[in-house]
Amino acid sequence: VSTQSTGMLWKTKRIEHGLKRVWENTVTWSRVLPHLSRDIAPLRHLVNMVNNEMQHFISQVQYYINFEVLECSWKELEGAVDTAENLDHIIDAHKKFVSVVSERLMLNEEHRAVMEKLYKVFSHAINFIAEYDDASDMLKTHEIVRRERETAIQSNTEK
């Protein structure tokens, strides 16, 4: 269970970081490539809207995991450990903690359908980031070629 919950936290952090990078690159590209700004403005707007929705969703998932699941469960564990009379009580409290976290994170069989949908959303977000990265790489290549052409034209006209 701890591997599953850690995996979920890791995935949300990875997606959060990727979406932040998409936003930063979008802002950078609009400043660096003002000549393309008008041409790609509708696409950039759509990318920003999708990115903002995904960021909001991921932040809500992270909030739920950190504050509604882990923090509450941890406080319950601390209370049980504080009142424990022996090691067996601490072990039982830990088992209960793991069970409660698993239940609240919906990592059990009962919530499989919900988790499959959640992981599908995660997959879509990761694919969105990858597609954006590919498009950004193509834009960089296009800009390099354009600048090389401009330089070549300027050097030919100066001769």
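Residues numbered from 1 in each chain as written. Predicted model: local features only at pLDDT ≥ 70, side-chain atom pairs only at ≥ 80, totals over all residues. Heavy atoms only, no water.

## Some points on helix α4 (residues 112-158)
Stated precisely, the cut-off is as follows: Numbering of helices and strands runs from the N terminus, with a helix taken as a DSSP run of H or I at least four residues long and a strand as a DSSP run of E at least two residues long. Here the expected span of a helix is defined as 1.5 Å times the quantity of residues minus one. Throughout this description, buried means an accessible area under 20% of the type-specific maximum (1.4 Å probe, protein chains only), exposed means over 50%, and partly exposed covers the range between.
Here α4 is 47 residues long and its end C-alpha atoms lie 69 Å apart, about the 69 Å a rise of 1.5 Å per residue gives. All of the buried residues in α4 are M115, L118, F122, A125, F128, I129, Y132, S136, L139 and E143.

## So, the nonpolar core
Which entries qualify depends on this criterion: By nonpolar core we mean a set of buried residues, namely Ala, Val, Leu, Ile, Met, Phe, Trp, Tyr and Cys, connected to one another through side-chain atoms within 4.5 Å. In this description, contact between two residues means that some pair of their heavy atoms is separated by no more than 4.5 Å.
Ranked by size, the top nonpolar core spans 26 residues in total, and within it M8, I15, L19, L105, F122 and F128 carry the most contacts. Aside from chain neighbours lying at most four places away, what touches F128 is L19, V22, V47, V50, N51 and M54.

## A word on the pattern of salt bridges
Operational definition: Any carboxyl oxygen of Asp or Glu that lies within 4 Å of a side-chain nitrogen of Lys or Arg is treated as forming a salt bridge with it.
Per the stated rule, a full pass over the model turns up seven salt bridges. Taking the shortest distance from any N to any O, the salt bridge between K20 and E24 comes out at 3.7 Å. Taken together, the residues K20 and E24, both in helix α1 (residues 2-32) and four residues apart, mark about one turn of the helix. Taking the relative accessible area as the measure of exposure, K20 reaches 46% and is therefore partly exposed. A relative accessible area of 36% places E24 in the partly exposed class. The partner of R104 in a salt bridge is E76, and the shortest N-O contact between them spans 3.0 Å. With a gap of 28 residues between them, R104 in helix α3 (residues 87-104) and E76 in helix α2 (residues 34-82) connect regions that are remote in the sequence. Given a relative accessible area of 26%, R104 falls into the partly exposed group. According to the relative accessible area criterion, E76 is partly exposed, its value standing at 40%.

## Describing the packing of α1 against α4
What counts, and what does not: Only the contacting stretch of a helix is used when fitting its axis, a line to C-alpha atoms as for every element, and angles between N-to-C directions run 0 to 180 degrees. Any angle that is under 35 degrees is reported as roughly parallel, and any over 145 degrees as roughly antiparallel; angles of 65 to 115 degrees are reported as roughly perpendicular and all others as oblique. Left-handed describes a crossing whose near helix is turned anticlockwise from the far helix by less than a right angle; the clockwise case is right-handed. Here the term charged refers only to Asp, Glu, Lys and Arg, the term nonpolar to Ala, Val, Leu, Ile, Met, Phe, Trp, Tyr, Cys and Pro, and the term polar to all other amino acids, Gly among them.
In contact at an axis separation of 10 Å, α1 and α4 are set at 30° when each is read in the N-to-C sense. On the basis of their axis angle, the class for α1 and α4 is roughly parallel. With respect to the hand of their crossing, α1 and α4 are arranged in left-handed fashion. Of the residues in the contact of α1 with α4, the class split is 16 nonpolar, six polar and six charged.

## Brief notes about the side chain of Q62
Mapped onto the fold, Q62 is located in helix α2. Leaving out residues up to four positions away in the same chain, Q62 has contacts with T12, K13 and E16.

## Description of α1
The α-helix winds at 3.6 residues per turn, so residues separated by three or four positions along the chain end up facing the same way. Over its 31 residues, α1 runs 44 Å from end to end, which matches the ideal 45 Å to within 8%, given 1.5 Å per residue. Among the residues of α1, S5, M8, T12, I15, G18, L19, V22, T26 and W29 are the ones counted as buried.

## Concerning a nonpolar patch on the surface
For clarity, the cut-off: Each patch is built from salt-bridge-free residues with over 30% relative accessible area, joining like charges within 9 Å and nonpolar side chains (Val, Leu, Ile, Met, Phe, Trp, Tyr) within 5 Å. The protein chains shown are the only cover counted for residues, whose accessible areas, like all others here, come from Shrake-Rupley with a 1.4 Å probe.
A contiguous nonpolar patch, built from V81, L87, I90 and I91 and spanning about 310 Å² of accessible area, is present on the exposed surface. When residues in the nonpolar patch are grouped by element, the largest group, three residues, is from α3.

## Quick notes on unusual backbone geometry
Its identity as a non-glycine residue notwithstanding, M106 has a phi of 60°, on the positive side. Looking at the element boundaries, M106 is found in the loop between α3 and α4. By relative accessible area, M106 is classed as partly exposed at 23%.

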